[in-house]
Amino acid sequence: MLRSCTAGPPGSLRLALPAAAPAVRRRLRECAARIPEAGAVLDILEKCPERQKKGEFPVVVFEGLDATGKTTVTQSVKDALGAVLLRSPPACISQWRTIFDEEPTPIRRAFYAAGNYILASEIAKASTQAPVIVDRYWHSTAAYTIATETDGNIQNLPPDDDAVYKWPEDLLKPDLVLLLTVSPEERTRRLEGRGLERTKEEAELEANSLFRRRIEESYRRMVNPACQEVDASPSKEEVFKTVLQLIKNHCAL
Ligand SMILES: Nc1ncnc2c1ncn2[C@@H]1O[C@H](COP(=O)(O)OP(=O)(O)OP(=O)(O)O)[C@@H](O)[C@H]1O
Ligand SMILES: Nc1ccn([C@H]2C[C@H](O)[C@@H](COP(=O)(O)O)O2)c(=O)n1
């Protein structure tokens, strides 16, 4: 891992974050002999049309650190809008997630990037029928990769206008991206309240406030589409009301 990247993003970050679908496919192809599941993901990806077109209904993505309330609020919004709720990585590949989570960063993130492109075809189809709510998409892949491949405080992140913060040109864009944020103390309370077994990364997030800040700052630097930040500290009912209003204001509903 690189120690500092004040002079621009490290090569390891460029390598870890595939900029478009061909790079994702190449990465999976390279490791398919050793990891048969990479071949299986590739097969699914290759069946997806290359350029996905959104339907006439709005597509709203929810992003944020774990335990900021994405699952809770996406479920309520889905029910209120009669929307389709999709998650990344999509169900058709999520059974292989634990395998890729043990792999080095470039392979791990190629799995999540592939998930985004597969999800795009699900979004394209669903958005012809109803509004679509998405729990994590490209911004998660980018923000976690950037935070993992840099070190120290946020001054070490690539500069604001760097290409790593740009949306891939060949990936279907959502209409609105809402970034849920809560204070570290509230997040810890929610994680404890949830009482689930924590993943290695969640444990690291708890232990490493710099890592957490690099993820949030990377989310904030994403452009076209940028994330609209929502204070998710209030009660579930209040967060739901705020989010619903933002969606109604922004999308034709
Ligand atoms: N506004 C809120 N106020 C208090 N508790 C909340 C609020 N929203 C969610 N919670 C609780 O916080 C915990 C984490 O919420 P949730 O599972 O929705 O987060 P998440 O962002 O989907 O997490 P992950 O990314 O790890 O799946 C849950 O126990 C949930 O009931
Ligand atoms: N589109 C996505 C979705 C998820 N990830 C990664 C980022 C974290 O490592 C982890 C968090 O997911 P959760 O535990 O909240 O299901 O998955 C990604 O890179 N891209």
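Reading the values: the criteria
- Residues numbered from 1 in each chain as written.
- Chains lettered and ligands numbered in written order.
- Predicted model: local features only at pLDDT ≥ 70, side-chain atom pairs only at ≥ 80, totals over all residues.
- Heavy atoms only, no water.
- UniProt positions renumbered as here; feature names shortened; annotations may be inferred.
- Helix = DSSP H or I, 4+ residues; strand = E, 2+ residues; numbered from the N terminus.
- Rg over C-alpha atoms; globule rule 2.2 N^0.38 Å.
- Buried < 20%, exposed > 50% of the residue type's maximum accessible area, 1.4 Å probe, protein only.
- Contact = heavy atoms within 4.5 Å.
- Areas by Shrake-Rupley, 256 points an atom, 1.4 Å probe, with all protein chains shown as cover.
- Lys, Arg positive; Asp, Glu negative; His and termini not counted.
- Charge placed at Lys NZ, Arg CZ, Asp CG, Glu CD.
- Near = heavy atom within 4 Å.
- Polar contact = N/O pair within 3.5 Å; in protein donor to acceptor, adjacent residues only side chain to side chain.
- Nonpolar A, V, L, I, M, F, W, Y, C, P; charged D, E, K, R; others polar.
- pLDDT = per-residue confidence, 0-100.

By the naming in an unreviewed UniProt entry, the chain goes by UMP-CMP kinase 2, mitochondrial and is assigned to Coturnix japonica. According to its UniProt record, the chain has this under Subcellular location (unreviewed entry): "Mitochondrion". The UniProt entry for the chain carries the following text under Sequence similarities (unreviewed entry): "Belongs to the thymidylate kinase family."

Asks: Describe the overall build of the chain, and please don't skip the residues or the numbers.
Replies: Broken down by element type, the chain carries twelve helices and five strands. Its C-alpha atoms give the chain a radius of gyration of 18 Å, near enough to 18 Å, the size a compact globule of 253 residues would have. For the chain, the C-alpha atoms occupy an extent of roughly 45 × 40 × 35 Å along the three principal directions. The buried share of the chain, taken over its 253 residues, is 55%. Within the chain, contacts between residues separated by at least 24 positions form 80% of all contacts whose residues are at least 6 apart in sequence. As presented, the chain carries roughly 11,800 Å² of accessible surface, and 51% of it is formed by carbon and sulfur atoms. Of the side chains in the chain, 35 bear a positive and 36 a negative charge, and the two mean positions are spaced by 2 Å.

Asks: Could you give an account of the site of ligand 1, naming the residues involved and the relevant values?
Replies: Looking at ligand 1, there are 17 residues lining it, with A67, K70, T71, T72 and P234 nearest. In the environment of ligand 1, an oxygen atom lies 2.4 Å from a nitrogen or oxygen atom belonging to the side chain of T71. Within the side chain of R194, an N or O atom sits 3.1 Å from an oxygen atom of ligand 1. In isolation ligand 1 has 640 Å² of accessible area, and contact with the protein removes 78% of it. Of all the secondary structure elements, the ones that give two or more residues to the shell around ligand 1 are α4 (70–81), α9 (184–194) and α12 (236–250). For the shell around ligand 1, the element with the highest residue contribution is α4, accounting for three residues. Of the residues in the shell around ligand 1, the class split is five nonpolar, five polar and seven charged.

Asks: An account of helix α2 (residues 21–31) is needed here, citing residue identities and associated values.
Replies: Listing the buried residues of α2 in full gives A21, A23, V24, R25, R27, L28 and C31. Close packing links the buried residues of α2 with α1 (11–16), α3 (36–46), α6 (97–101) and α7 (105–126).

Asks: Which residues make up the site of ligand 2, and what are the values?
Replies: By nearness alone, every residue bordering ligand 2 is listed as S88, R97, R108, R109, Y112, N116, R136, Y137, S140, T141, Y144 and E201. S88 has a polar side-chain atom sitting 2.5 Å from a nitrogen atom of ligand 2. Contacts to ligand 2 include R136, whose side-chain N or O atom sits 2.9 Å from an oxygen atom. When the free accessible area of ligand 2 is taken as 450 Å², the share hidden by the protein chains comes to 85%.

Asks: Account for the confidence of the model for the chain, with residues named and values stated.
Replies: Across the chain, pLDDT averages 93, with 95% of residues at or above 70. Overall fold confidence for the complex sits at a pTM of 0.94, while the interface term, ipTM, reaches 0.98.

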